[in-house]
Amino acid sequence: MLLRTLLIALILTLSTGCATVKNWFGSNKNKAIEPAELVEIANPIDVDAAWSRNLGGGQQKLGLRQRPAIEGDRIFVANDEGRVLALDINSGDTIWDSEAVKTGKEGSRVFFWRREKIDAGLSGSPGVGNGLVVIGGRNGEVIAFDADGGAERWRARVTSEVTATPLVTDGLVIVRSNDGRTFGLDAGDGSRKWVFDRGLPGLGVRGNGSPVAGNGLAYLGYDDGSVIALRLADGQRVWEQLIAEPEGRNDLERMADVDGEIQLGLGTLYASSYKGQTMAIDTNTGRPLWNRDAGGYGGIALLADRLLLADGAGTVWALDRNNGSALWKQDVLARRQLTTPAVHGDYAVVGDLEGYLHWVRIADGTIAARTRIERAPILGTPQVAANGMLVALTNEGKLSAFPQPN
C-alpha cells in the first residue's frame, strides 16, 4: 500500500507540472506540462478574505484532498497534530479543540523486538451529522466527537487507513478504508454492523471518494471506474454501474478511479471518472441515462439545471443535467490541477496547485476574480455555508474564509 501510494504521488506530481519539479531539467519541452500562466482579469469582482488562520503544516506530505466540513455556523477541521477543531464560521475563532490521535510513530513491543513503526495521525476530513463529528486516521482509527462540545463519544478501528470523509446518516457512520472495504458502524457506539469488501486494481489515485446516501442506499465510487449502491440496512450490493472502462496496456493507462464528489439529484446520480467520463445514472435501476466525454479525478457540483466540473487538463465545464451536453467550457486554467468546483452565489470557485482560488461565472464561464491564499496547493474542494461564506484549506494548513460576492 505504501509503495502504491508513493508511486501515485510521484505520477500526479510529474503529470501536473508541480512547481517543485518543473525546472529540474531546464528543457523547453517541460513548458508543455507547466501550469498555464495567469492573465489579468478585466473588471474583477471583489473577493477579500473575511479571516484566515493557520492550522499547522505537514499535510503536504500526505498528498490528500483534505477539506473542512460545515454545519450551521460552525466549521470542523483537522490538523496535522492529530486534533479536531470547531471554529466559528464568521470569525474563525475556536469553539472547541479536541485530541483525536497522538502523532508520531506507533509500534508494538513483543519480547526484544519491535514491529515496523507506522506514522500515526489523521488522514481524512471530518464528516458531520446527527450531532457527531467523525474522522479517520492513518492506522484505521475512527473517532467520533460530540459536535456541540467536542467530547469524545467513541472510537473504533477499521482494517486500514481512512482517507475518505465518513458519512453520518440514518443512525450509521459509513467509513471507507483504503484496502477496498466499506464499514457500516453504529452511530451510537461505533460497533460494526456490516462490512462490504471489494478488491482494488493494481494502481489508483491517492485517496477515496466519500459516500453519499439517499432512499436507503449508500453510493460509492471505486478505483476500477464503477459506482456501487449498497443497502444501508445490511451493506448488501443493490446495483453496480461502470462509469469508465479501465482499459490500457499497463496499470497507469487503466486508471479509471471515481474518487471525486458524486452528486445525488431526484432519482439521478452523477459521477465522474479519472478516465474523463461523466455519467448520469438512474438510482432505481443503476442504468446510465447519459454519458459525456468530460471529467477527471475531481468531482461534480450540482445546480438546478447543470453540472460543474474540472477535468484533468484544467478545463472547467458546465454540462446540461438532462442530457450532458456542454453549455460552456473554460480552458484558461490549463494544467493547474483544479479542485472540484464549489458554488458561491453566481460563481463556481476552484482552487489550484499554486494556492489560488478562481471565481468563474456560472452563466457563461468567464473568469471573474482570483486571489491567493498562500504558496501551497489547494487540493480539497472549497466548502460553502448557508450564509454564503466560502472556506478553503491549503495543504500547508492555512484556512481562509470569503463572503459571497455581491
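About the thresholds
Residues numbered from 1 in each chain as written. Predicted model: local features only at pLDDT ≥ 70, side-chain atom pairs only at ≥ 80, totals over all residues. Heavy atoms only, no water. Pairing = 2+ DSSP bridges. Helix = DSSP H or I, 4+ residues; strand = E, 2+ residues; numbered from the N terminus. Axes fitted to C-alpha atoms, helices over the stretch in contact; angles between N-to-C directions. Phe/Tyr/Trp six-rings, centres within 6.5 Å; stacked < 30°, edge-to-face > 60°. Buried < 20%, exposed > 50% of the residue type's maximum accessible area, 1.4 Å probe, protein only. Lys NZ or Arg CZ within 6 Å of the ring centre and 35° of its normal. pLDDT = per-residue confidence, 0-100. Contact = heavy atoms within 4.5 Å. Core = buried A, V, L, I, M, F, W, Y, C linked by side-chain atoms within 4.5 Å.

Some details on the sheet that holds strand β28 (residues 316–320)
Taken in spatial order, the four strands make up an open sheet running β26-β27-β28-β29, and their pairing is antiparallel. The open sheet is flanked by β26 (300–302) and β29 (326–330), the only strands paired with a single partner. Pairs of neighbouring strands in the sheet enclose a mean axial angle of 15°, with direction left out of account. Sheet analysis places β28 next to β29, joined by four bridges and oriented antiparallel. Bridging across to β29, Val316 finds its partner in Gln330.

Here we look at the packing of aromatic side chains
Under the counting rule described, the total for this entry stands at six aromatic pairs. Aromatic side chains Phe76 and Trp96 sit 6.1 Å apart centroid to centroid with 45° between the ring planes, which places their arrangement in the tilted category. Here Trp96 lies in strand β5 (residues 94–99) and Phe76 lies in strand β3 (residues 74–78), a separation of 20 residues in the sequence. Between Tyr270 and Trp290, the ring centres sit 6.3 Å apart and the planes meet at 45°, which makes this aromatic pair tilted. Note that Tyr270 is positioned in strand β23 (residues 268–272) and Trp290 in strand β25 (residues 288–292), a separation of 20 residues in sequence. Here Tyr270 matches Trp290 in class, with each residue buried. One residue, Arg176, lies across the ring of Tyr222, its end atom 4.5 Å from the ring centre. Over the aromatic face of Tyr222 sits the side chain of Arg198, whose NZ or CZ is 5.4 Å from the ring centroid.

Describing the confidence of the model for the protein
Summing up the model confidence of the protein, the mean pLDDT is 85 and the portion of residues at 70 or higher is 80%. Contacts of residues 1–27 to residues separated by more than four positions or lying in other chains number 38 contacts, the stretch itself having pLDDT below 50.

Re the side chain of Thr268
Topologically, Thr268 is positioned in strand β23. If we ignore the near neighbours within four places in the chain, the residues touching Thr268 are Gln263, Ala280, Ile281, Thr283 and Leu289.

Some points on the nonpolar core
Nonpolar side chains in soluble globular proteins generally cluster together in the buried interior. One finds Leu308, Trp328, Leu333, Leu338, Ile362 and Ile367 to be the most contacted residues of the largest nonpolar core, which totals 15 residues. Among the elements of the structure, β27 (306–310), β28 and β31 (347–351) are those that each provide at least two residues to this core.

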